[in-house]
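Structural overview for review
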Amino acid sequence: MLSARDIHKSYASGGAQVSVLRGVSLEVARGEAVALTGESGSGKSTLLHILGCLDAADRGEITLADQRIDGLGEAARAELRRRRIGVVFQSLNLIPSLDVRQNLAFQARLAGRADAAWQADLAERLGLSEHLDRYPEELSGGQQQRVAIGRAIANRPALLLADEPTGNLDEETAERVLDLLLELARETGAAFLMVTHSARHAARMDRQLTLEQGRLA
């Protein structure tokens, strides 16, 4: 489902180029769950942003569901992101002016894949059915996290990316959130790549990859 070959990325800092990714290659199959670990600054979030079409690599090849995505312009990346990719951000990025129902539907509506029955099923399984008319500020951290997961999976993406989705949650809530992510990703057949610092959560995935100084160890 996802294939990346020799991905490089650097940024300008203090008048010099700082290399963040130094030839990363990986594959994630349909329905497979892969953990991406590594110390802070190792390039995990940068890699996730490139794979999620939020940023472009300096060089390298990326294929998603038999479509080459490296070299796409910003508009084409945004369109692909709407149609084929779901992202659960560490900061959640819920839209404060939209209620839970509208936040859940947001990504799917952009993709032209709004499905009221699927959305209602997601809301039930995520424990959000009684909160659909509430706004993000009226929810607990765990509830907001579940809205973010529902929004990311609502359009049945080919690729599901999650950046520390349980990092700000208590242990019990974190386990439930990971259960839901794994269940929904496998049910929809999405390739699932999750950045995590938790060894316990990484061990629950099908495979683990570790980034060290911009390279996979």
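For the structure itself, consult the block above.
Please read all numbers here as calculations on a predicted model, not as lab measurements.

Cut-offs applied
- Residues numbered from 1 in each chain as written.
- Predicted model: local features only at pLDDT ≥ 70, side-chain atom pairs only at ≥ 80, totals over all residues.
- Heavy atoms only, no water.
- 1 Å grid on protein atoms, 1.4 Å probe; cavity = no way out; pocket = protein on both sides within 12 Å on 5 of 7 lines; lining within 4 Å.
- Points joined across faces, edges and corners; volume = space filled by probe spheres on them.
- Nonpolar A, V, L, I, M, F, W, Y, C, P; charged D, E, K, R; others polar.
- Pairing = 2+ DSSP bridges.
- Helix = DSSP H or I, 4+ residues; strand = E, 2+ residues; numbered from the N terminus.
- Contact = heavy atoms within 4.5 Å.
- Axes fitted to C-alpha atoms, helices over the stretch in contact; angles between N-to-C directions.
- Salt bridge = Lys/Arg side-chain N within 4 Å of Asp/Glu carboxyl O.
- Buried < 20%, exposed > 50% of the residue type's maximum accessible area, 1.4 Å probe, protein only.
- Expected span 1.5 Å × (residues − 1).
- Polar contact = N/O pair within 3.5 Å; in protein donor to acceptor, adjacent residues only side chain to side chain.

To continue, consider the layout of surface pockets. Size it by volume and the largest pocket reaches roughly 270 Å³. Looking at the lining of the largest pocket residue by residue, the class counts come to 8 nonpolar, 3 polar and 3 charged.

The subject of this paragraph is the sheet that holds strand E9 (residues 207-212). Note: strands within a sheet are paired through backbone hydrogen bonds, in either parallel or antiparallel orientation. Read from one edge of the open sheet, 6 strands run E6-E7-E8-E3-E9-E10, paired in mixed fashion. Each edge of the open sheet carries a strand with a single partner, namely strand E6 (85-88) and strand E10 (215-216). The sheet contact formed by E6 and strand E7 (residues 159-163) spans 4 bridges and is parallel. Paired with Val-88 across the bridge in E7 is Ala-162. On top of the sheet, helix H2 (residues 74-84) reaches E6 and E7; it is set at about 85° to E6, its chief contact.

Mapped onto the elements of the fold, Thr-46 is located in helix H1 (residues 44-51). The residues touching Thr-46, leaving out its near neighbours within four places in the chain, are Lys-9, Tyr-11, Val-20 and Leu-21.

Below, the discussion takes up the pattern of salt bridges. Applying the stated criterion to the full structure yields 17 salt bridges. Its salt-bridge partner being Arg-5, residue Glu-27 comes within 2.3 Å of it at the nearest N-O pair. On the criterion of sequence distance, the pair formed by Glu-27 in strand E2 (residues 16-28) and Arg-5 in strand E1 (residues 2-13) is long-range, its members being 22 residues apart. Overall, Glu-27 belongs to the partly exposed group, its relative accessible area being 43%. One salt bridge connects Arg-82 with Glu-79, and the closest N-O pair in it is separated by 2.7 Å.

For helix H6 (residues 171-188), spanning 18 residues, the distance from its first C-alpha to its last is 26 Å, which sits close to the expected 26 Å at 1.5 Å a residue. Residues Thr-173, Ala-174, Val-177, Leu-178, Leu-180, Leu-181, Leu-182, Leu-184, Ala-185 and Thr-188 constitute the buried set of H6. Put simply, Asp-170 is the residue that caps the front of H6, since its side-chain oxygen is 3.2 Å from the backbone nitrogen of Glu-172. Residue Gly-189 follows H6 closely and has a positive phi angle near 80°.

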